[in-house]
Amino acid sequence: MKILVVNAGSSSLKYQLIDMETEKVLAKGGCERIGIDGSVLKAKGNGNEKVYEKDMPNHKVAIELVLHALRDDGIGVIKSMDEIGAVGHRVVASGEYFKKTTLVTPEVLKTLEEKTFELAPLHNPAAATGLRACMEVMPKTPMALVFDSGFHQTMPEKAYLYGIDYDDYKTYGVRKYGAHGTSHKFVSAEAAKYLGKKPESLKIVTCHLGNGSSISAVDGGKCIDTSMGFTPLAGVLMGTRSGDIDASAVEFLARKKGLSHPDTVTYLNKKCGVAGISGVSSDFRDLEAGVKEGNERCKLALDMFGYQTKKFVGAYAAAMGGLDCIVFTAGIGENTPSVRADVCEGLEFLGVKIDLKANEAKNDGSIRDLSAKGSKVKVLVIPTNEELVIARETAELL
Ligand code: AMP
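Residues numbered from 1 in each chain as written. Predicted model: local features only at pLDDT ≥ 70, side-chain atom pairs only at ≥ 80, totals over all residues. Heavy atoms only, no water.

**Side note on the overall build of the chain**
Where we set the bar: To qualify as a helix, a DSSP run of H or I must reach at least 4 residues; to qualify as a strand, a run of E must reach at least 2; elements of each kind are numbered from the N terminus. In this setup the radius of gyration rests on C-alpha atoms only. A globule is expected at 2.2 Å times the number of residues raised to 0.38. Only protein chains enter the accessibility calculation, which uses a 1.4 Å probe; a residue whose area is less than 20% of its type maximum is buried, one above 50% is exposed, and one in between is partly exposed. All accessible-area figures derive from a Shrake-Rupley calculation using a 1.4 Å probe, and residue coverage is judged against the displayed protein chains alone. When charges are counted, Lys and Arg are positive and Asp and Glu negative, with His and the chain ends excluded. The location of each charge is read from NZ of Lys, CZ of Arg, CG of Asp or CD of Glu.
If you tally the helices and strands in the chain, you get 15 helices and 14 strands. Rg of the C-alpha trace for the chain: 21 Å, near the compact-globule value of 21 Å for 398 residues, within the 12% margin. Projecting the C-alpha coordinates of the chain onto the three principal axes gives extents of approximately 60 × 50 × 45 Å. Every one of the 398 residues in the chain was classed for burial, and the buried ones make up 49%. Of the accessible surface of the chain, which amounts to about 18800 Å², a share of 52% is contributed by carbon and sulfur atoms. Here the chain holds 50 positive side-chain charges and 51 negative ones, and the gap between their average locations is 2 Å.

This is the structure we're talking about:
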């Protein structure tokens, strides 16, 4: 069976067509500037690439163009749309309405649109727009929703609750949901496979470090805690997000800066993090270049990121009562040796020892073992593959 994975943003739509027998990506690409002048689809398939500069006033036109590209001369990989067995849609927030990957029915669509938008106002409406567009263009094809928070649904109540009035949690659903679940799920399972161990026997801390970063405790194959919260603003400081901050400091800042509630949240999401600390960039490559030029604030931003990530590793080792493996993944986790070294430095007391030379080796896209000889804890770099998890979950559901 072939599964189409769709990741819709407010003005974008990324896709991959995956053959589930071989788990090979047959085609992939993305539409940009949907609903804006100058919309474009960059599509790859059959080893070729094609750019479609075509007006895409909405997501329906975008998905029609994607389906055309999947069958087009040169890059086409299917003859008919009927070859697509199902579509898996990435959805950021599930709230407590969806506990796992869910097949779309009219009822499910209604819940998605009426209940979850306020949980992820930027992302969920975009996913629903992409979903509706696919349903119109492919009315007979099953659609599945795969949630970023799905893998975190196994967290116990003591881990996901905030210390607020319990009735308010019950009434408003304010609790930790977590994000990047497909990535944490993928890399923790890959780690077990690589180590030749059963997932049930392992205590793993997975560090998804990218523009958005989250750290998870995966005990026996199940997530028992994660650093992101009610929204992806929580946890370590990120590219432009503040990470954890005292709520009273937020109110104080808003008052001093004269910001409304929504503007304060936008400030914390877009103007803070390593970009705010360094005053230079949200990109870790720029920060490293800054350090080389002697920029102290770039160094401070990197130091804070390593320190905060390390603290989560320690906390989660304590939460699990042990640690067998640390996994680094995503843009920074896979490509920035200095961050991995900062995180692991000083964790020798937990049995973590990395080989600094192996850590410096270039990312070749494979799984890399950074553990030094005698390290009790395995330290791995594992390239993430969120699309494959979405495709697998969609196929399993069918
Ligand atoms: P992600 O959100 O997972 O795509 O990660 C993006 C971030 O990874 C960028 O903002 C960079 O800070 C960082 N990064 C460092 N080196 C690389 C690299 N070689 N390729 C891509 N991202 C990188």
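**Digging into the packing of aromatic side chains**
Rules: We call Phe, Tyr and Trp rings a pair once their centres come within 6.5 Å, taking the six-membered ring for Trp, and we label the pair stacked below 30 degrees between planes, edge-to-face above 60, and tilted otherwise.
Applying the stated rule across the entire model yields six aromatic pairs. Ring centres of Y160 and Y169 lie 6.2 Å apart, and the angle between their planes is 50 degrees; on these two criteria the pair is classed as tilted. Looking at Y160, the relative accessible area reads 12%, which means it is buried. Linked through ring pairs, Y160, Y166 and Y169 together constitute an aromatic cluster.

**Brief notes about the pairing of strand β1 (residues 2–8)**
The cut-off we apply is this: At least two bridges found by DSSP between two strands is the condition for calling them paired.
With six of its seven residues buried, β1 lies for the most part within the structure. Examined bridge by bridge, β1 and strand β2 (residues 13–19) share seven bridges and lie antiparallel to one another. Within β2, the residue paired with V6 across the bridge is Y15. Here β1 folds back onto β2 in antiparallel fashion, the turn holding four residues.

**Things to note about the sheet that holds strand β7 (residues 102–103)**
In spatial order, the strands read β5-β4-β3-β2-β1-β6-β8-β7; together these eight strands make up an open sheet with mixed pairing. Lying at the two open borders of the sheet, with one neighbouring strand each, are β5 (48–53) and β7. Pairing analysis gives six bridges linking strand β3 (residues 24–32) to strand β4 (residues 40–45), with the strands arranged antiparallel. Residue pairing across strands places G30 opposite K42, the latter belonging to β4.

**Notes on the environment of D286**
As for its position among the elements, D286 is in helix α10 (residues 284–292). Its relative accessible area of 38% is what places D286 among the partly exposed residues. Here the alpha-carbon distance between D286 and C298, two residues 12 residues apart in the chain, equals 8.5 Å.

**As for the site of the ligand**
What counts is decided by this rule: Throughout this document, a residue counts as near a molecule or strand when at least one of its heavy atoms sits within 4 Å of that molecule or strand. A 3.5 Å cut-off defines polar contacts: any pair of N or O atoms within that distance qualifies, except that in protein one atom must be a possible hydrogen donor and the other a possible acceptor, and neighbouring residues in sequence count only when both atoms are side-chain atoms. Under the grouping applied here, Gly and all other residues not named as nonpolar or charged are polar, the nonpolar ones being Ala, Val, Leu, Ile, Met, Phe, Trp, Tyr, Cys and Pro and the charged ones Asp, Glu, Lys and Arg.
Taken together, G210, N211, D283, F284, R285, A330, G331, I332, N335 and T336 form the complete shell of residues around the ligand. In the model, an oxygen atom of the ligand is placed 2.9 Å from a nitrogen or oxygen of the N211 main chain. In isolation the ligand exposes 500 Å². Once the protein is present, 65% of that is buried. Contributing elements (two or more residues each) for the shell around the ligand: α10 and α12 (330–335). With four residues, the single largest contributor to the shell around the ligand is α12. Classifying every residue of the shell around the ligand by side-chain character gives three nonpolar, five polar and two charged.

**A short note on a nonpolar patch on the surface**
Stated precisely, the cut-off is as follows: In this scheme, patches are assembled from residues that exceed 30% relative accessible area and form no salt bridge. Like charges are connected within 9 Å, while nonpolar side chains (Val, Leu, Ile, Met, Phe, Trp, Tyr) are connected within 5 Å. Just to be clear on terms, a salt bridge is a Lys or Arg side-chain nitrogen sitting within 4 Å of an Asp or Glu carboxyl oxygen.
Where nonpolar side chains cluster on the molecular surface, the patch consists of M1, L103, L397 and L398 and spans about 320 Å² of accessible area. The topology assignment puts L398 in the segment after α15 (386–397).

Read these as layout, nothing more, since geometry by itself doesn't imply function.
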